[in-house]
Amino acid sequence: MEQPGNLFVVAAPSGAGKSSLVKALRSFDARVYPSVSHTTRAPRGQEKHGREYFFASEQEFDAMVANNAFVEWANVHGKRYGTSKKGIQDRLANGEDVLLEIDYQGALQVRESFPQAVLIFILPPSWEELRSRLENRGEDAPEVIELRMKNAEEEMAQVGEFDFVIINELFESALFDLKAIIHAQRLKIASQRRLRSDVFESLNLS
Ligand SMILES: Nc1ncnc2c1ncn2[C@@H]1O[C@H](COP(=O)(O)OP(=O)(O)OP(=O)(O)O)[C@@H](O)[C@H]1O
Ligand SMILES: Nc1nc2c(ncn2[C@@H]2O[C@H](COP(=O)(O)O)[C@@H](O)[C@H]2O)c(=O)[nH]1
């Protein structure tokens, strides 16, 4: 049977820079597939249905919940977001690496179903910088920014639940850390495979 792919979960408070890091990662590493979530929030800026998100009505989201179609879902900043089983299960089964960019509640649910998932938390360097990134992004109304800043406190309190923490101060340095975690996980899996391989046996190393 094909070795299943790795599942990476990246969580962070809104504005810490996870989408920017994951987008940059993809330009170096086409082997990691970023899952596209479903959400009940409205598209913002240049977002396209099926690219950043599958934008769903409340009824459509309800139906997916009722049909047990999500690996995880959560209420985040007053809207619902979820990762569909369909979007990731086949890829993992085919040995592809999948990356979820989701909130901490979803990350902890994923760990229940996929204990081998690698959970990564991205922190901003300071509260001031987090606010300034949300403001400079220019995508959210002031009240939405306030809500996201308030929720960031609860989110950051969960950092201890994660396998790795990256501080996204200098972008290139944070990207380096993210690449290193992914590389280390692949090396670990490849080493485990070698430990089970015939080559080991023939070298009398097992
Ligand atoms: N290291 C960094 N230094 C300065 N600005 C950054 C850095 N990383 C990201 N940014 C900027 O901060 C803003 C927020 O980043 P991004 O949209 O990637 O955050 P996010 O964590 O994905 O937020 P959300 O959860 O709301 O989608 C963007 O304008 C991005 O260009
Ligand atoms: N639990 C989940 N959280 C998700 C998912 N997709 C995105 N998110 C998180 O929501 C917030 C807000 O995102 P935004 O695009 O509206 O700024 C952010 O923390 C995302 O990581 C998901 O499928 N499940």
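Scoring rules and cut-offs
For every chain, the first residue of the written sequence is number 1, and numbering continues from 1 along that sequence. Chains carry letters and ligands carry numbers; both start at the beginning, A for chains and 1 for ligands, and go up in the order they are written. Reporting in this predicted model follows two pLDDT cut-offs: at least 70 for local features of residues, and 80 or more for side-chain atom pairs to be given and counted; totals over whole chains, interfaces and linings ignore these cut-offs and use all residues. Water and hydrogen atoms play no part in the side-chain values, which are based on all heavy atoms of the structure. UniProt positions are given in the numbering used here, feature names are shortened, and annotations may be inferred rather than shown by experiment. Partly exposed residues are those whose accessible area sits between 20% and 50% of the maximum for their type, while under 20% is buried and over 50% is exposed, using a 1.4 Å probe and protein chains only. The secondary structure listing takes helices from DSSP runs of H or I that are at least 4 residues long and strands from runs of E that are at least 2 residues long, numbered from the N terminus. Two strands qualify as a pair provided DSSP detects at least 2 bridges between them. How sure the predictor is of each residue is captured by pLDDT, a score from 0 to 100. Both cavities and pockets are sets of points on a 1 Å grid over the protein atoms alone; in a cavity a 1.4 Å probe fits but cannot get out, in a pocket the set is open with protein on both sides within 12 Å along at least five of seven lines, and lining residues sit with an atom within 4 Å of a point. Grid points are joined across faces, edges and corners, and a volume is the space filled by probe spheres set on the points. Throughout, the ten residues Ala, Val, Leu, Ile, Met, Phe, Trp, Tyr, Cys and Pro are labelled nonpolar, Asp, Glu, Lys and Arg are labelled charged, and all others, Gly among them, are labelled polar.

The name recorded for the protein chain in an unreviewed UniProt entry is Guanylate kinase, from Comamonas jiangduensis. Reading the Function (unreviewed entry) entry of the UniProt record for the protein chain gives the comment "Essential for recycling GMP and indirectly, cGMP." What UniProt states about the protein chain under its Catalytic activity (unreviewed entry) heading is, verbatim, "GMP + ATP = GDP + ADP".

A. Focus on the pairing of strand β7 (residues 97-101). Most of β7 sits out of view: 4 of its 5 residues are buried. Where strand β1 (residues 7-11) meets β7, 4 bridges bridge the pair, whose relative direction is parallel. Along β7, the bridge assignment pairs Val-10 with Glu-101. Looking at chain direction, strand β2 (residues 32-34) and β7 are connected through 3 bridges and run parallel. The residue of β7 that forms the bridge with Tyr-33 is Val-98.

B. Local environment of the confidence of the model for the protein chain. Averaged over all residues, the pLDDT of the protein chain equals 93, while 99% of them reach at least 70. Across the whole predicted complex the pTM is 0.93, and at the interface the ipTM reaches 0.97.

C. Quick look at the layout of surface pockets. Space inside the largest pocket adds up to approximately 1,300 Å³. Along the wall of the largest pocket there are 43 residues; nearest its centre are Ser-19, Ser-20, Arg-44, Tyr-53 and Glu-101. A total of 6 residues in the lining of the largest pocket trace back to one element, the largest contributor, which is helix α1 (residues 18-28). Across the lining of the largest pocket, the residue classes tally to 14 nonpolar, 13 polar and 16 charged.

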